[in-house]
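Structural description and commentary
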Amino acid sequence: MSVILTKNPAYWADGFFVIPDQPGRPIVIDFRLRFKRLKKAEADELDRRIRINSERHQAQLRAIVAGEPVPEMVPEITDKEVLDAVLVDWEGFNAEDGTAAMYTVAARAQLCDDYPGMEAAMVRAWLESRHPAQQREAATKNSVVPSGTT
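Now for a look at the structure at hand. (Residues numbered from 1 in each chain as written. Predicted model: local features only at pLDDT ≥ 70, side-chain atom pairs only at ≥ 80, totals over all residues. Heavy atoms only, no water.)

Focus: the packing of helix α2 (residues 79-86) against helix α4 (residues 118-129)
Look at α2 against α4: their axes get within 9 Å of each other, and the N-to-C directions meet at 50 degrees. Between α2 and α4, the angle is such that the two are oblique. For the element pair α2 and α4, the recorded crossing hand is left-handed. For the pair α2 and α4, the contacting residues are Asp79, Lys80, Val82, Leu83 and Val86 in the first and Glu119, Ala120, Met122, Val123 and Trp126 in the second. Here the residues of the contact of α2 with α4 are counted per class, giving 7 nonpolar, no polar and 3 charged. (Axes fitted to C-alpha atoms, helices over the stretch in contact; angles between N-to-C directions. Helix = DSSP H or I, 4+ residues; strand = E, 2+ residues; numbered from the N terminus. Parallel < 35°, antiparallel > 145°, perpendicular 65-115°, else oblique. Left-handed = near helix turned anticlockwise from the far one by under 90°. Contact = heavy atoms within 4.5 Å. Nonpolar A, V, L, I, M, F, W, Y, C, P; charged D, E, K, R; others polar.)

So, the nonpolar core
Among the nonpolar cores identified, the biggest contains 25 residues, and Phe31, Leu33, Phe35, Trp90, Phe93, Met118 and Met122 are the most heavily contacted of them. Contributions of two or more residues to this core are made by β1 (10-22), β2 (25-36), α2, β3 (87-91), α3 (105-114) and α4. No other element matches the 6 residues that α4 contributes to this core. Those residues in contact with Phe93 that sit more than four places away from it in its chain are Phe31, Leu33, Thr99, Ala100, Ala101, Leu111, Met118 and Met122. (Core = buried A, V, L, I, M, F, W, Y, C linked by side-chain atoms within 4.5 Å. Buried < 20%, exposed > 50% of the residue type's maximum accessible area, 1.4 Å probe, protein only.)

Thoughts on the layout of surface pockets
Empty space within the second largest pocket amounts to approximately 170 Å³. Lining the second largest pocket are Trp90, Phe93, Asn94, Ala95, Glu96, Ala101, Ala107, Gln110, Leu111 and Asp114. Take the lining of the second largest pocket: its biggest share by element is 4 residues, from α3. When the residues that make up the lining of the second largest pocket are grouped by side-chain class, the tally is 6 nonpolar, 2 polar and 2 charged. (1 Å grid on protein atoms, 1.4 Å probe; cavity = no way out; pocket = protein on both sides within 12 Å on 5 of 7 lines; lining within 4 Å. Points joined across faces, edges and corners; volume = space filled by probe spheres on them.)

A short note on the packing of aromatic side chains
By the definition in use, this model includes 4 aromatic pairs. When the ring of Tyr11 is compared with that of Phe35, the centres are 5.9 Å apart and the planes differ by 55 degrees; the resulting orientation is tilted. One end of the pair, Tyr11, is in strand β1; the other, Phe35, is in strand β2, and 24 residues separate them in sequence. Taken together, Phe31, Trp90, Phe93 and Tyr103 form an aromatic cluster joined through their ring pairs. The positively charged end of Arg124 is found above the aromatic ring belonging to Phe16, 4.3 Å away from the centroid. (Phe/Tyr/Trp six-rings, centres within 6.5 Å; stacked < 30°, edge-to-face > 60°. Lys NZ or Arg CZ within 6 Å of the ring centre and 35° of its normal.)

Focus on α3
Of all the residues in α3, the buried ones are Arg108, Leu111 and Cys112. Taken end-on, α3 shows its buried residues confined to a sector of 95 degrees, consistent with a single buried face. The outward face of α3, more than 90 degrees from its buried face, is lined by the exposed residues Ala106 and Asp113. Close packing links the buried residues of α3 with α2, β3 and α4. (Arc of directions from axis to C-beta.)

Written as structure tokens, this is what we have:
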């Protein structure tokens, strides 16, 4: 028997991207991203690959501080690969004609090419959304689904 908590295979999360403009007055772009819910094995594999990137980056920093040769950073996983695995939709981006830009992998690639750092902002939104604070009062107040325990 399988236990089903939600039939929804994805969830929405807020994100933002900061673009430099006037000194002390950057442009902040707010958007929403829809991420695929991952099974434990999928999430663990992504976490493992992200952790390897972090360890390699830390090794570079330690070498810089110690004045040693800096090892080359060969990413185990790129931001693009993370998004390929989890991102399924978006809101808050407009096409040139002012209409809402439909999410496609090609549209995402163009956006991320036009705005370096956008992929990292999207990955940050995913990382921050994965494990929401388990505070019952706030979650219950904002929930659209009645509690199954009442």
